[in-house]
Amino acid sequence: MADAAGAQGMLFDRLQEQQSDSLLQLIALANADPRVEKIDVGVGVYRDAAGNTPILRAVKKAEAILHETQETKSYLGSQGDARFVELIKPIVFGEAGAGDERIVGVQTPGGCGALRLGAELIEAADPDARIFVGQPTWPNHMPLIECAGVEMVKHPYYDPAGKRILFDEMMDALQGARAGDLILLHGCCHNPTGADLSLDQWKAVAELVSSRGLIPFVDIAYQGLGNGFEADAEGTRLVVEAAEQALIAQSCDKNFGVYRERTGSLFVKGTSAANAKVILGNLLGLARTMWSMPPDHGAAVARIILDTPELRADWEAEVKEMCARIRSLRRRLAAYDERLAYIGDQNGMFSMLPLSVEAVEGLRESHGIYMASSGRFNVVGLSDESVDRFAAAVVEKMDG
Ligand code: PMP
């Protein structure tokens, strides 16, 4: 026994040390900074004017209702809360899409679970499938999709120095996609850049998808926080309608503010209602091998809100308030200096500053400003008081 262990080494001794998540490191650094005037624009959560990430009013009320009315915690099954999925479907796909029997959905542990489950489905269906991914993208996209074994093909999306979408370069790269290849698209509020495709650009992508037989994999994690629920879904609906097959990873974690409850869904469009049933069976089987069943609480709360007219109206009003706050901070930054004007035209919580890693470190040391080394910052991490101070420090850095 001892010899065998000696020859092989102990199991866990073989593990490589992993680098800890740089954003989590940033949070720890920001928390440890004693300066009262520090500005934390690293972590990607909504903050109100007081700097808090509040529990939404409707969520509090729905939780009370759930507490009073829930009679069992028995298993729900791998699909999760079917009514939740049914209620999310029209929000993402509109009334027309909601009735489309070729689109099936399951509840997942957040948007991450949806992306991972989608990747597993792709790999199960075709081990040779490839997915085209614009750069830069949310840092977790690559590991989440790659670990299922799906090959990734990187293509240009955004130029941080030029502060613009590289649309021609992206379309050129997509010319290299074969029928059956997938494209990862951010439905709205692109993370990390804030730069979304225009409606005309979405139309061009939809045409390409349709003419070349490509499969969109849309990640929509911030619906409602860009320009409202309908506007934020327009691009997604265009490409899903144009495509014969599609995957849509949806998250409620931001627009219900239930981040830690891990609430989301994966929808998949098949070639027919019968094909969609087969897809659903595969999704359930794959979910079973990963998390068996998704956590219930967040989806149950979202379901109660969406099923209760007063709560739903209040939720929509509060998301509108959040969206308006993000837009107003963007306008303030854009008005501060011409070099920040592009921020006003972008959407969602994030934007990217054309700053070097050294400049980002310099801002941390001299001003207590905490942002990702890529220059990505959370617009809504700013307060009415800190926004001008932030803009002044950034512009000063841009001047060198
Ligand atoms: N997609 C993008 C683009 C995101 O930014 C995030 C969260 N930061 C997710 C998906 C995953 O969201 P969730 O927390 O619901 O897993």
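The shown structure was predicted, so the numbers you read here are calculated from the model rather than taken from an experiment.

**Topic: helix H13 (residues 357-367)**
- Of all the positions in H13, only Ala-359, Val-360, Gly-362 and Leu-363 are classed as buried. Projected down its long axis, H13 shows its buried positions confined to an angular sector of 155 degrees, all on one face. In H13, the exposed residues that point more than 90 degrees away from the buried face are Glu-358 and Glu-365.
- For H13, the elements touching its buried residues are strand S12 (369-370) and helix H14 (386-398).
- Once H13 finishes, Gly-368 follows within two positions and takes phi at roughly 65 degrees, a positive value.

**Side note on the site of the ligand**
- As a structural note, the neighbourhood of the ligand is formed by Gly-110, Gly-111, Cys-112, Trp-138, Asn-191, Asp-219, Ala-221, Tyr-222, Ser-251, Asp-253, Lys-254 and Arg-262.
- Cys-112 places a main-chain nitrogen or oxygen 2.8 Å from an oxygen atom of the ligand.
- Here a nitrogen atom of the ligand and a side-chain polar atom of Lys-254 are 3.0 Å apart.
- Taken by itself the ligand offers 400 Å² of open surface, and the protein chains cover 90% of this.
- Class assignment of the residues belonging to the shell around the ligand gives a composition of four nonpolar, four polar and four charged.

**Some remarks on the packing of helix H4 (residues 82-98) against helix H11 (residues 297-307)**
- The interhelical angle for the contact between H4 and H11, taken along N-to-C directions, is 60 degrees, at an axis separation of 9 Å. On the basis of the axis angle, H4 is oblique to H11. By crossing handedness, the relation of H4 to H11 is classed as left-handed. Where H4 abuts H11, its residues Arg-83, Phe-84, Leu-87, Ile-88 and Ile-91 lie against Ala-299, Ala-302, Arg-303, Leu-306 and Asp-307.
- In the contact of H4 with H11, the residues fall into seven nonpolar, no polar and three charged.

**A few points about the nonpolar core**
- Ranked by internal contacts, the top residues of the largest apolar core, which has 92 residues, are Val-205, Trp-315, Leu-353, Met-371, Phe-377 and Phe-390.
- When near neighbours in sequence (up to four residues on either side) are disregarded, Met-371 contacts Leu-26, Val-41, Gly-42, Leu-353, Leu-355, Val-360, Leu-363, Arg-364, Arg-376, Phe-377 and Phe-390.
- Residues Ala-129, Ile-145, Phe-217 and Val-268 belong to the second largest nonpolar core, which totals 30 residues.

**Regarding the pattern of salt bridges**
- Counted according to the given criterion, the structure contains 18 salt bridges.
- Salt-bridge contacts for Arg-83 lead to Glu-86; the nearest nitrogen and oxygen are separated by 3.0 Å. With Arg-83 and Glu-86 both in helix H4, this residue pair falls three residues apart, about one helical turn.
- Residue classification places Arg-83 among the partly exposed positions, given a relative accessible area of 34%.
- The network of salt bridges with shared partners includes Arg-57, Asp-314, Glu-318 and Glu-321.

**Some details on the sheet that holds strand S7 (residues 182-186)**
- Reading across the sheet, the seven strands line up as S2-S10-S9-S8-S7-S3-S4 and stay open at both edges, with mixed pairing between neighbours. The strands lining the two open edges of the sheet, one partner per strand, are strand S2 (103-109) and strand S4 (151-156). The mean angle between the axes of side-by-side strands here comes to 20 degrees, regardless of whether they run parallel or antiparallel.
- One ladder, built from six bridges, connects strand S3 (residues 130-135) with S4; its direction is parallel. Across the sheet, the residue bridging to Val-133 is Lys-154, located in S4.
- In this fold helix H7 (residues 167-174) packs onto S3, S4 and S7, with an angle of close to 145 degrees to the strand it touches most, S4.

Cut-offs applied
- Numbering of residues starts from 1 in every chain and runs along the sequence as written.
- Under the rules for a predicted model, residues below a pLDDT of 70 receive no local features and side-chain atom pairs below 80 are neither given nor counted, while totals for whole chains, interfaces and linings still include all residues.
- Water and hydrogen atoms were dropped before computing side-chain values, which therefore reflect all heavy atoms in the structure.
- Here the term buried applies to any residue with accessible area under 20% of the maximum for its type, exposed to any over 50%, and partly exposed to those in between, with areas from a 1.4 Å probe on protein chains only.
- Only DSSP runs of H or I with at least four residues qualify as helices, and only runs of E with at least two residues qualify as strands; both kinds are numbered from the N terminus onward.
- Note: the arc covers the axis-to-C-beta directions of the helix.
- Note on definitions: a residue-residue contact is assigned when non-hydrogen atoms from the two residues lie within 4.5 Å.
- One heavy atom suffices: a residue is near a molecule or strand as soon as one of its heavy atoms comes within 4 Å of it.
- Residues adjacent in sequence count toward polar contacts only when both atoms are side-chain atoms; beyond that, a polar contact is any pair of N or O atoms within 3.5 Å, and within protein one must be able to donate a hydrogen and the other to accept it.
- Per-residue accessibility takes into account occlusion by the displayed protein chains alone, with areas from the Shrake-Rupley method and a 1.4 Å probe.
- Each residue receives one of three labels: charged for Asp, Glu, Lys and Arg, nonpolar for Ala, Val, Leu, Ile, Met, Phe, Trp, Tyr, Cys and Pro, and polar for the others, Gly being one of them.
- Here, axes are lines fitted to C-alpha atoms. For helices the fit covers the stretch in contact, and angles between N-to-C directions go from 0 to 180 degrees.
- With respect to orientation, any angle under 35 degrees is reported as roughly parallel, any angle over 145 as roughly antiparallel, any angle of 65 to 115 as roughly perpendicular, and every other angle as oblique.
- By definition, turning the near helix anticlockwise from the far helix through less than a right angle yields a left-handed crossing, and turning it clockwise yields a right-handed one.
- We define a nonpolar core as any set of buried Ala, Val, Leu, Ile, Met, Phe, Trp, Tyr and Cys residues linked to one another through side-chain atoms lying within 4.5 Å.
- Any carboxyl oxygen of Asp or Glu that lies within 4 Å of a side-chain nitrogen of Lys or Arg is treated as forming a salt bridge with it.
- When DSSP finds two or more bridges between a pair of strands, those strands are recorded as paired.

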